[in-house]
Amino acid sequence: MAEAKLIDGKAIAEALRRDIAGGAARFAAKAGRPAGLAVVLVGEDPASQVYVKSKARQTVEAGMRSIEHRLPADAAQGDLMALIARLNRDDAIDGILVQLPLPQSLDAGAVIEAIDPAKDVDGFHPVNAGRLMTGAPSLVPCTPLGCVLLAKSVSPSLRGLEAVVVGRSNIVGKPVAQLLLAEDCTVTIAHSRTRDLPDVVRRADLVVAAVGRPEMVRGDWIKPGAIVIDVGINRVAQDGGKGRLVGDVAFEEARSVAGAITPVPGGVGPMTIACLLRNTLEAAGRRTGIA
Ligand code: NDP
């Protein structure tokens, strides 16, 4: 069989960001202000700092306003809640994102629930999770949305496809499964207690791997011609270097069987921020009634 088509997340995310920039310019002209995204970072986690910087840069590049709030690692729950309340009330803020993970001393669930669902651009608030589940319009988690957009880039209709999502986290696995159900896939959610996982994955026309285990999904688990979306980001040791990033799928093996596959890096990763910008613009439009 021919090698799988490579799904270029970087290029697809770039095109999406261009589109959003057009929408953001129209919004700013009509509203008399740019759409605004507030990002809250608590503590000094190096990976979080990199993400936040990158989010801020891309927000500004798309013609939106980025506001960053930094709190020390030992910030009190009450201070963080007060900041969220202030951002909820601020009319020039359309989206609020609290960078996760939060320090252990803070209650992340309470913080997420404190965000106005209309500004919850991460889509993690239970109201948005519930709306997604019931099929009502909602702000949808960014990485799951990115996965579905990548699958649709090679198969515009996913109707009737057998989809297997490996992983059931609230931020990736479950929302991906809901989105695929809304696309009329027949969805199986697999997890660490699933029996005969390779056989379950072999049924799939579309596989989404969101596990966090380097190269766990092997080439001989993949149905010939299937679409493979690899969410995993795992750093593995490499002689003498910083290590290299690999996904949850054994890429080279799967590539010779699949119909289309996302690489790591350069697949799902770049879509996450692009979808965050999309959600910010959508939240701005809905809050103000400006299409
Ligand atoms: P979690 O650790 O929250 O969830 C992992 C899921 O995988 C769990 O449901 C777990 O099952 C399941 N799992 C673990 N081991 C196995 C196994 N041996 N067989 C089958 N299932 C297993 O991870 P996340 O969902 O947050 O993230 C998953 C991956 O995606 C990570 O690599 C993460 O870095 C990456 N990621 C990438 C993003 C991006 O922008 N590209 C964004 C977010 C995450 P159980 O529930 O039974 O424990």
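None of these values were measured; they are calculated from a predicted model.

Draft legend 1. Examining the overall build of the protein chain more closely. What the protein chain contains, in helices and strands, is 10 helices and 11 strands. Here the protein chain has a C-alpha radius of gyration of 19 Å; the compact-globule value for 291 residues is 19 Å, and the two agree. Dimensions of the protein chain, computed from the C-alpha atoms along their principal axes, are close to 55 × 40 × 35 Å. Taking all 291 residues of the protein chain together, the buried fraction comes to 48%. Put simply, of all contacts in the protein chain between residues at least 6 apart along the chain, 68% involve residues at least 24 apart.

Draft legend 2. Main features of the sheet that holds strand S4 (residues 95-98). Pairing in this open sheet of three strands is parallel, and the strands run S3-S2-S4 from one edge to the other. In this open sheet, the two edge strands, each paired with only one partner strand, are strand S3 (65-71) and S4. Between one strand and the next, the sheet's axes are offset by a mean angle of 15°, whatever the strand orientation. As defined by bridge partners, strand S2 (residues 36-42) adjoins S4 across four bridges and the pair is classed as parallel. Bridge assignment links Val39 to a residue of S4, and that residue is Leu97. Where helix H2 (residues 46-61) meets the sheet, its contacts fall on S2, S3 and S4, and the angle it forms with S3 comes to roughly 160°.

Draft legend 3. The arrangement of the sheet that holds strand S8 (residues 227-230) in detail. Spatial ordering of the open sheet is given by S1-S11-S8-S7-S5-S6, a layout of six strands whose pairing is parallel. Looking along the sheet, the strands with just one partner apiece sit at the ends: strand S1 (5-6) and strand S6 (186-190). Bridge analysis of strand S5 (residues 162-166) against strand S7 (residues 206-209) gives four bridges, and the strand direction is parallel. For Val164, the partnering residue across the bridge sits in S7 and is Val207. Along the sheet, helix H6 (residues 142-154) contacts S1, S7, S8 and strand S11 (260-261); its crossing angle with S8, the most-contacted strand, is approximately 155°. Helix-sheet contacts for helix H7 (residues 173-182) involve S5, S6 and S7, and the interaxial angle to S5 is about 170°.

Draft legend 4. Here's a closer look at the layout of surface pockets. What the second largest pocket holds in volume is close to 320 Å³. Lining the second largest pocket are 17 residues; nearest its centre among them are Phe124, Ala129, Asn170, Ile171 and Pro175. At the level of elements, helix H5 (126-134) and H7 are the ones that each hand at least two residues to the lining of the second largest pocket. Element by element, the count of residues in the lining of the second largest pocket is highest for H5, at five residues.

Parameters and conventions
Residues numbered from 1 in each chain as written. Predicted model: local features only at pLDDT ≥ 70, side-chain atom pairs only at ≥ 80, totals over all residues. Heavy atoms only, no water. Helix = DSSP H or I, 4+ residues; strand = E, 2+ residues; numbered from the N terminus. Rg over C-alpha atoms; globule rule 2.2 N^0.38 Å. Buried < 20%, exposed > 50% of the residue type's maximum accessible area, 1.4 Å probe, protein only. Contact = heavy atoms within 4.5 Å. Pairing = 2+ DSSP bridges. Axes fitted to C-alpha atoms, helices over the stretch in contact; angles between N-to-C directions. 1 Å grid on protein atoms, 1.4 Å probe; cavity = no way out; pocket = protein on both sides within 12 Å on 5 of 7 lines; lining within 4 Å. Points joined across faces, edges and corners; volume = space filled by probe spheres on them.

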